[in-house]
Every structure is written in structure tokens, then in C-alpha cells.
Amino acid sequence: MNQSLDHVYKKLEAMQVDLEDLRNTYKGVSKRYAVALQSLNALTIHSSDAAKRAAKSTEQSRLAAMNAMIAAREASGNPALLMIVESAVTASVAAALAAVESAAAAAAAAAAASAAVAHQAEESLLKASTEAASASRMAADAAAEAVKLSNQAREIVDEIHRK
């Protein structure tokens, strides 16, 4: 009987050691999960911010393309200003290219935010991802407008050359 009781105590001790190991493992996993979740939150917020900034950059590029197109149109009435018109067109094309690149950056940032949300659906992450997607759409619209304005500026130069 005494021998049997000793055996039970040894088993109980072994189970307590195993339980303590499990507790320690859980604490470690829990800490790593918390750190990973914080990183994921930060990634989503930064991605959303990057998308918004890229959208603002795209809008500035659109404005640059519009101003270059207006300059080309205003100078087109005077053939002596052909060099200015062509410079304005070059600026318009560069602005359109910058707009397209910014729109691509906004889309990439929005995709990163969406990927983060796919792993951890929290309210703040969903909001940030939605804002990033909206910024990406605005950037794409501004880029399309910048390209359109650049094309209009190019048409002005082509018209001057035809005269």
C-alpha cells in the first residue's frame, strides 16, 4: 500500500512539473502573440497612412499636370513661346508619371493594410484598411486625370507644330 502511494505521489509530481511547463509555454506564446498583434496594428496604421500620403502626392501631381497644361494652352497662341509650351508639356508628362507612381504606391499600401486585416479583424484595423482603400481609389482617379491633362498638353504642342 505504501509503495502504491509513493507511486501515485511520483506521478502527481510529474504531472505538476508538466503543468508548470505548460503554463510557462502558454505565457511565452501569449507574450509573443501580443507583440505580433501590436506589430500588425502598427503595420496596418502605417500602411493606411502611406496610402493617404500617396493619394495626396497624386493629387499634387494632378495639379502640376493641370497647371502645365494651362501654361501650354496660354503660350500656344505665340509661336515664339514654343520652347515654353514644350517645357510645360514635359512637366505635364512628368507630373502624370509621378501621379501614376504615387497611385501604385497607394494601392500597394492599401493591399498591405488589407492583408493585415485578413489576419486580425479588429475594428481599428478595418477602419484603417477602408481608409487606405479609399485613398487608393482617389489616387487612381487623380492619376487618370493627370494623364488626361498631360495628353491635352501634348495635343496643344502637336497643334502648334501642324500650323
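Since the structure is predicted, the reported quantities are computational estimates derived from the model, not experimental observations.

Participant: Give me the overall build of the protein chain: which residues, what numbers.
Facilitator: Counting its regular elements, the protein chain contains three helices and zero strands. Ordered by position from the N terminus, the helices and strands of the protein chain form the series α-α-α. Over its C-alpha atoms the protein chain spans a radius of gyration of 30 Å, topping by over 25% the 15 Å that the globule rule assigns to 163 residues. Structurally, the protein chain occupies a C-alpha span of about 115 × 25 × 15 Å along its principal axes. Taking all 163 residues of the protein chain together, 29% fall into the buried category. Look at the contacts in the protein chain between residues 6 or more apart in sequence, and 84% of them connect residues 24 or more apart.

Participant: Let's hear about the pattern of salt bridges: which residues, and what values?
Facilitator: Summed over all chains, the structure comprises five salt bridges. One salt bridge connects R62 with E59, and the closest N-O pair in it is separated by 2.8 Å. On the criterion of helical spacing, the pair formed by R62 and E59 is a turn pair, its members being three residues apart in helix α1 (residues 2–75). In this structure R62 comes out as buried when scored by relative accessible area, which is 16%. Since its relative accessible area comes to 30%, E59 is described here as partly exposed.

Participant: Residue-level account of the nonpolar core, with values.
Facilitator: The nonpolar side chains of soluble globular proteins are, as a tendency, buried together. Judged by nonpolar contacts, the single largest core of 28 residues is most densely connected at A72, V85 and I156. Looking at this core, the elements that each hand over two or more residues are α1, α2 (82–119) and α3 (123–162). Top element by residues in this core is α2. It accounts for eleven residues. If near-sequence neighbours (up to four positions away) are discounted, I156 is found in contact with M69, A72, R73, S76 and V85.

Participant: So, the packing of α1 against α3: which residues are in play, and what are the values?
Facilitator: Where α1 meets α3, the closest approach of the two axes is 8 Å, and the angle between their N-to-C directions is 20°. As judged from the angle between their axes, α1 and α3 are roughly parallel. Crossing hand, α1 versus α3: left-handed. Within the contact of α1 with α3, the residues separate by chemical class into 19 nonpolar, seven polar and six charged.

Cut-offs and rules
Position numbers for residues start from 1 in each chain and track the written sequence from start to end. Local features are withheld for residues below a pLDDT of 70 in this predicted model, meaning they are given only at 70 or higher, and side-chain atom pairs are given and counted only at 80 or more; totals for whole chains, interfaces and linings count all residues. With hydrogens and water stripped out, all remaining heavy atoms of the structure feed into the side-chain values. Strands are runs of DSSP state E lasting at least two residues, helices are runs of H or I lasting at least four, and both sets are numbered from the N terminus onward. Both definitions apply: the radius of gyration is a C-alpha atom measure, and the globule rule equals 2.2 Å times residues to the power 0.38. Exposure classes here rest on a 1.4 Å probe applied to the protein chains alone. A residue is buried below 20% of its type maximum, exposed above 50%, and partly exposed in between. Residue contacts are counted whenever heavy atoms from the two residues lie within 4.5 Å of one another. When a carboxyl oxygen of Asp or Glu is within 4 Å of a side-chain nitrogen of Lys or Arg, the pair counts as a salt bridge. Throughout, nonpolar core names a set of buried Ala, Val, Leu, Ile, Met, Phe, Trp, Tyr and Cys residues whose side chains join them through atoms within 4.5 Å. In this analysis an axis means a line fitted to C-alpha atoms, helices contributing only their contacting stretch, and an angle means the value between N-to-C directions, from 0 to 180 degrees. Should an angle lie under 35 degrees it is considered roughly parallel, over 145 roughly antiparallel, and from 65 to 115 roughly perpendicular; all remaining angles are considered oblique. Handedness of each helix crossing follows the sense of rotation of the near helix against the far helix: counterclockwise by less than a right angle gives left-handed, clockwise gives right-handed. We call Asp, Glu, Lys and Arg charged. Ala, Val, Leu, Ile, Met, Phe, Trp, Tyr, Cys and Pro are nonpolar, and the rest, Gly among them, are polar.

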